[in-house]
Amino acid sequence: MVDLSVDLGFLKLRNPVLAASGTFGYGLEFAPFLDLNAIGGIVVKGLYFGPREGNPPPRLVETASGLINAIGLPGVGVEKFAKETLPHLRKHQTAVLVNVCGASDEEYIRVIEHLDRHQGIAAYELNISCPNVEKNGVCPALNSDHTFSLVKMAKQASRLPIIAKLSPNVTDIVEIANAAEEGGADGVSLINTVLAMAVDIETRRPKLSNIFGGLSGPAIKPIALRMVYQVASAVKIPVIGIGGIMSGADALEFLIAGARAVEVGTANFIDPAATLRIVGEIEDFCRANSHDRIADLIGTLKI
Ligand SMILES: Cc1cc2nc3c(=O)[nH]c(=O)nc-3n(C[C@H](O)[C@H](O)[C@H](O)COP(=O)(O)O)c2cc1C
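Procedures and definitions
Residues numbered from 1 in each chain as written. Predicted model: local features only at pLDDT ≥ 70, side-chain atom pairs only at ≥ 80, totals over all residues. Heavy atoms only, no water. Buried < 20%, exposed > 50% of the residue type's maximum accessible area, 1.4 Å probe, protein only. Helix = DSSP H or I, 4+ residues; strand = E, 2+ residues; numbered from the N terminus. Pairing = 2+ DSSP bridges. Phe/Tyr/Trp six-rings, centres within 6.5 Å; stacked < 30°, edge-to-face > 60°. Lys NZ or Arg CZ within 6 Å of the ring centre and 35° of its normal. Near = heavy atom within 4 Å. Polar contact = N/O pair within 3.5 Å; in protein donor to acceptor, adjacent residues only side chain to side chain. Areas by Shrake-Rupley, 256 points an atom, 1.4 Å probe, with all protein chains shown as cover. Nonpolar A, V, L, I, M, F, W, Y, C, P; charged D, E, K, R; others polar. Axes fitted to C-alpha atoms, helices over the stretch in contact; angles between N-to-C directions. Parallel < 35°, antiparallel > 145°, perpendicular 65-115°, else oblique. Left-handed = near helix turned anticlockwise from the far one by under 90°. Contact = heavy atoms within 4.5 Å.

Participant: For the pairing of strand β14 (residues 212–216), give the residues involved together with the corresponding values.
Facilitator: For β14, the tally of buried residues reaches four of five residues, placing the bulk of the element in the interior. Strand direction decides the pairing type here: strand β6 (residues 66–69) and β14, joined by three bridges, are antiparallel. Residue pairing for β14: L67 is matched across the bridge by S216. In this sheet, β14 lies alongside strand β11 (residues 194–197) in antiparallel orientation, the contact comprising four bridges. Paired with V194 across the two strands is L215, which belongs to β14.

Participant: Give me the packing of aromatic side chains: which residues, what numbers.
Facilitator: Scanning the model with the defined rule gives three aromatic pairs in all. Ring centres 5.9 Å apart and planes at 40 degrees place the aromatic pair Y26 and F81 in the tilted group. With Y26 in the loop between β3 (17–19) and β4 (41–47) and F81 in helix α1 (residues 78–89), this pair connects stretches of sequence that are 55 residues apart. Judged on exposure class, the residue Y26 and its partner F81 are both buried. When the centroid spacing of 6.2 Å and the interplanar angle of 65 degrees are considered together, the rings of F30 and F33 count as edge-to-face. Geometry around Y48 places R52 over its ring, the cationic atom sitting 3.9 Å from the centre. Above the plane of the ring of F49 lies R110, whose end atom (NZ or CZ) is 3.9 Å from the centre.

Participant: Can you tell me about unusual backbone geometry, naming the residues and giving the values?
Facilitator: In this structure, the amide linkage connecting P57 to the following residue, P58, adopts the cis form with an omega of -5 degrees. On the secondary structure map, P58 appears in the loop between β4 and β5 (60–63). L190 connects to I191 through a cis peptide bond whose omega is 15 degrees. Secondary-structure assignment places I191 in the loop between β10 (187–190) and β11. With a phi angle near 55 degrees, N136 is a residue other than glycine that sits in the positive phi range. Within the element layout of this structure, N136 appears in the loop between β8 (123–127) and α3 (144–157). Exposure remark for N136: the relative accessible area of 77% places this residue in the exposed category.

Participant: Explain the site of the ligand to me, and be specific about the residues and the numbers.
Facilitator: Within the structure, the ligand sits among 24 residues, and S21, K165, G217, G244 and T266 are positioned closest to it. Residue G46 places a main-chain N or O atom 3.2 Å away from an oxygen atom belonging to the ligand. Contacts to the ligand include K165, whose side-chain N or O atom sits 2.8 Å from an oxygen atom. A total of 610 Å² of accessible area belongs to the ligand in isolation, and the protein chains cover 97% of it. Across the shell around the ligand, the residue classes break down as seven nonpolar, 15 polar and two charged.

Participant: I'd like a rundown of the packing of α1 against helix α2 (residues 105–115), residues and numbers included.
Facilitator: The N-to-C vectors of α1 and α2 enclose an angle of 20 degrees; their axes lie 10 Å apart at closest approach. The angle between α1 and α2 places the two elements in the roughly parallel class. As α1 runs across α2, the sense of the crossing is right-handed. Contacts from V78, E79, F81 and A82 of α1 reach α2 at V111, H114 and L115. Tallied by class, the residues present in the contact of α1 with α2 amount to five nonpolar, one polar and one charged.

Participant: Can you lay out the packing of helix α4 (residues 173–182) against helix α5 (residues 221–234) for me, pointing to particular residues and giving the numbers?
Facilitator: α5 packs onto α4 with a crossing angle of 45 degrees between their chain directions and a minimal axis gap of 9 Å. Here α5 runs oblique to α4, going by the angle between their axes. In the crossing of α4 with α5, the sense of the turn from one axis to the other is right-handed. Taken together, the residues of α5 that come into contact with α4 (itself represented by I173, V174, A177 and N178) are M227, Q230, V231 and A234. Looking at side-chain class alone, the contact of α4 with α5 contains six nonpolar, two polar and no charged residues.

Participant: Can you lay out the sheet that holds β11 for me, pointing to particular residues and giving the numbers?
Facilitator: Hydrogen bonds along the backbone pair up the strands of a sheet, which may run parallel or antiparallel. Judged by pairing direction, the sheet is antiparallel, and its four strands sit side by side in the order β5-β6-β14-β11 without closing on themselves. Only two strands of the sheet have a single partner each, and these edge strands are β5 and β11. The average angle at which neighbouring strand axes cross in this sheet is 35 degrees, direction not considered.

Right under this line is the structure:
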């Protein structure tokens, strides 16, 4: 038996594989495809306070090795989620994390204060990549002062742990991770999508109605891995690795580079049971290489 459990300090997971926000619905949609109890956790689709439509189509483009999305964070809002989804989701023996969004700092806090009244959430993942109306649409994740102040506010408002989800669209990811840690974040997760675009040569129009979108999938894995390694080397709080993880081997690269857990995103669109398959592949690797505990592999990169 391989012990796949990992300890984030504020949260123990049965295994290090979580479903990434926005690629796994609100979790229950994937119950027909896999046993939700068998994965480490589910990060539900980003929630603003109220319901939202998102951007008009086209809002998804496939690329050579990934996906560009400009979905625009549609969602059901906190009330409907807490009333209709959470009671079913929390019956599962897997960690439920809520990806918290806000068009203003105040909205993030309203989302947290509302959800804090309900049971069954293990932690909040603060999606600091939302366009902020008070900062001309610039998201908090691009600025260390804003990251610091927003994380601090969220931490003070919340009874639950806060994980700050970082954007790769910055010059110095370590500076932003440090700001999140100083603001009181219990952990950081990275990376969100990489800013990208695609052009239709027939119409000479952008392929996305929003012009820009976020690139995800295998194309971004080396960038994500580099950033996870840099951040894990610089902060004391746990790091969750995200970006292009399609297999157990991909996940193991992140764990060896210092991530204590990983999130799987775009892979769910190709194989809805990808998270569970990846858990199995990690276990097979450990067994084949006589590693009794996955935790012993974390941060063991030899330089
Ligand atoms: C269609 C789509 C929707 C997403 N929605 C969210 C979201 O609501 N909140 C969030 O923080 N990240 C969101 N993301 C980003 C993913 O959670 C993840 O950080 C990113 O896709 C990189 O991982 P991957 O390469 O495994 O997909 C979304 C990604 C995709 C492709």
